[in-house]
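These are the residues of each chain, in order.
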Amino acid sequence: MAISELDLPTGVVAHSSANVQRQAELMADNVAKALAYAVQTHGLASLVVSGGRSPVPFFEALSRRELNWSRVQICLADERWVPPSDAASNEGLVRRYLLQNEAREARLLGLYQPADTLAQAATLADRTLAQLQRPIDVLVLGMGDDGHTASLFPGNPELARALRADCEARCLPMLAPTEPQERLSLTYPLLAGSRMQCLAIQGANKLDTLRTALGVDPLQMPIRALLHSPLEIYWCP
């Protein structure tokens, strides 16, 4: 099955690449152009990315693109509630693979801060997000086999609030079904307001997940809430 076979909502653009590296290079080219335009137009650009292992080739490719990185803010769509030194940290991943080469001068807004509870940590992260240039210029998301995106997981007590169009919080606590369970996630209004929105997925299983998500409630598969224009989906087998 190819992504062209999916009945995507009007305005959603699909890009198909032959392999992971070509997908990473195409995304890096398009994201770099959007960031350069934002810097030229507004004097500052904001980039929000997701963690996990899948984005690493994209991070490495983007780090080699030439633009005024000193005027670029980088933040995470979600974070595991662990210190940046932890192997599971999304911030640590971004520092290792994206804040390198040409991109080493970018400014990273980390979501993790020590706190007594996950709820308190989310409040502190929300304050950090007040520094983020909004609307976000470029958002790059991934998607899990369960239809989650960022750390918006099905079944969470705060999910309905996080997906509300009028959610007042920029960041809320979430629990994942895998370790580390305690997570922080940006909420729908902040994500959906991004000027350029990208979803990067790989493999036939993710296409099946996407097809299912198109026909269900966002509370069942949260990615559904973001499947609308101006989304660009980048897929490779």
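Thresholds applied
Residues numbered from 1 in each chain as written. Predicted model: local features only at pLDDT ≥ 70, side-chain atom pairs only at ≥ 80, totals over all residues. Heavy atoms only, no water. Helix = DSSP H or I, 4+ residues; strand = E, 2+ residues; numbered from the N terminus. Buried < 20%, exposed > 50% of the residue type's maximum accessible area, 1.4 Å probe, protein only. Contact = heavy atoms within 4.5 Å. 1 Å grid on protein atoms, 1.4 Å probe; cavity = no way out; pocket = protein on both sides within 12 Å on 5 of 7 lines; lining within 4 Å. Points joined across faces, edges and corners; volume = space filled by probe spheres on them. Nonpolar A, V, L, I, M, F, W, Y, C, P; charged D, E, K, R; others polar. Pairing = 2+ DSSP bridges. Axes fitted to C-alpha atoms, helices over the stretch in contact; angles between N-to-C directions. Core = buried A, V, L, I, M, F, W, Y, C linked by side-chain atoms within 4.5 Å. Disulfide = S-S within 2.5 Å. Salt bridge = Lys/Arg side-chain N within 4 Å of Asp/Glu carboxyl O.

*Asks:* What exactly am I supposed to notice about unusual backbone geometry here?
*Replies:* Cis geometry marks the peptide bond from Glu-179 to Pro-180; its omega dihedral reads -10°. Looking at the element boundaries, Pro-180 is found in the loop between strand 7 (171–175) and strand 8 (182–186). The linkage connecting Ser-229 with the following residue, Pro-230, adopts the cis geometry, with an omega of 15°. Relative to the helices and strands, Pro-230 resides in the loop between helix 7 (204–213) and strand 10 (231–236). Positive phi, close to 50°, is recorded for Asn-101, a residue that is not glycine. Along the chain, the position of Asn-101 falls in the loop between helix 3 (90–97) and strand 5 (107–109).

*Asks:* Explain helix 2 (residues 56–63) here, please?
*Replies:* Owing to its 3.6 residues per turn, the α-helix brings residues three or four apart onto one side. Along helix 2, 7 of the 8 residues are buried, which leaves the element largely enclosed by surrounding structure. Among all positions of helix 2, only Val-56, Pro-57, Phe-58, Phe-59, Ala-61, Leu-62 and Ser-63 are buried. Contacts made by the buried residues of helix 2 are with helix 1 (20–42), strand 2 (45–49), helix 3 and strand 6 (138–141).

*Asks:* What exactly am I supposed to notice about the layout of surface pockets here?
*Replies:* Leftover empty space is mapped by rolling, across the atoms, a probe with the size of a water molecule. As a volume, the largest pocket reaches approximately 610 Å³. Taken together, 35 residues make up the lining of the largest pocket; nearest its centre are Gly-51, Gly-52, Ser-54, Gly-142 and Met-143. Mapped by element, the contributors of at least two residues to the lining of the largest pocket are helix 1, helix 2, strand 4 (78–80), strand 6 and strand 9 (196–202). Considering every element that reaches the lining of the largest pocket, the biggest residue donor is helix 1, with 4 residues. Grouping the constituent residues of the lining of the largest pocket by class yields 16 nonpolar, 13 polar and 6 charged.

*Asks:* Looking at this model, I keep getting lost on the sheet that holds strand 10. Mind explaining?
*Replies:* Sheets are built from strands paired through backbone hydrogen bonds, the pairs being either parallel or antiparallel. If you walk across this open sheet you meet the 7 strands as 1-10-9-6-2-3-5, and the pairing is parallel. Either end of the sheet is taken by a strand with one partner, and the two such strands are strand 1 (13–16) and strand 5. The average undirected angle you get between the axes of adjacent strands in this sheet is 20°. Its contacts with the sheet put helix 7 on strand 9 and strand 10, and the angle it makes with strand 9 is roughly 130°.

*Asks:* Any chance you could explain the pairing of strand 8 here in plain terms?
*Replies:* Remember that side chains alternate between the two faces of the sheet whenever the strand is regular. Most of strand 8 is tucked away, with 4 of its 5 residues classed as buried. Sheet analysis places strand 4 next to strand 8, joined by 3 bridges and oriented antiparallel. Bridging from a neighbouring strand, Glu-79 pairs with Leu-184 of strand 8. Bridging between strand 7 and strand 8 involves 5 bridges; their strand directions are antiparallel. Bridging across to strand 8, Pro-173 finds its partner in Leu-184.

*Asks:* I keep staring at the nonpolar core and nothing clicks. Help me out?
*Replies:* One recurring pattern in soluble globular proteins is that nonpolar side chains are buried together. Counting residues in each nonpolar core, the largest one holds 83 residues, and the members touching the most others are Val-31, Leu-47, Ile-74 and Leu-199. If sequence neighbours within four positions are ignored, Val-31 has contacts with Leu-47, Phe-58, Leu-62, Val-138, Val-140, Met-196 and Cys-198.

*Asks:* Sorry, what's going on with the state of the cysteines here?
*Replies:* Chemically, a disulfide is nothing more than a covalent bond linking the sulfur atoms of two cysteines. Taken as a whole, this structure holds 0 disulfides when the rule is applied. The cysteine Cys-167 is free of any disulfide, with Cys-171 supplying the nearest cysteine sulfur at 9.9 Å. Of all cysteine sulfurs in the structure, the one in Cys-236 sits closest to Cys-198, which takes part in no disulfide; the separation is 14 Å. According to the relative accessible area criterion, Cys-198 is buried, its value standing at 1%.

*Asks:* How do you make sense of the pattern of salt bridges when you look at a structure like this?
*Replies:* Side-chain pairs of opposite charge can arise whenever the charged atoms involved come near each other. Applying the stated criterion across every chain, the model contains 10 salt bridges. Between Glu-25 and Arg-64 there is a salt bridge, with the nearest N and O atoms lying 3.4 Å from each other. Of this pair, Glu-25 sits in helix 1 while Arg-64 sits in the loop between helix 2 and strand 3 (72–76), placing them 39 residues apart in sequence. Given the relative accessible area of 43%, Arg-64 is considered partly exposed. A salt bridge links Asp-137 to Arg-195, with the shortest nitrogen-to-oxygen separation between them at 2.9 Å. Here the residue Asp-137 occupies a position in the loop between helix 4 (118–129) and strand 6, and Arg-195 occupies one in the loop between helix 6 (188–192) and strand 9, the gap between them amounting to 58 residues. Assessed through its relative accessible area of 4%, Asp-137 is described here as buried. Its relative accessible area of 40% is what places Arg-195 among the partly exposed residues.

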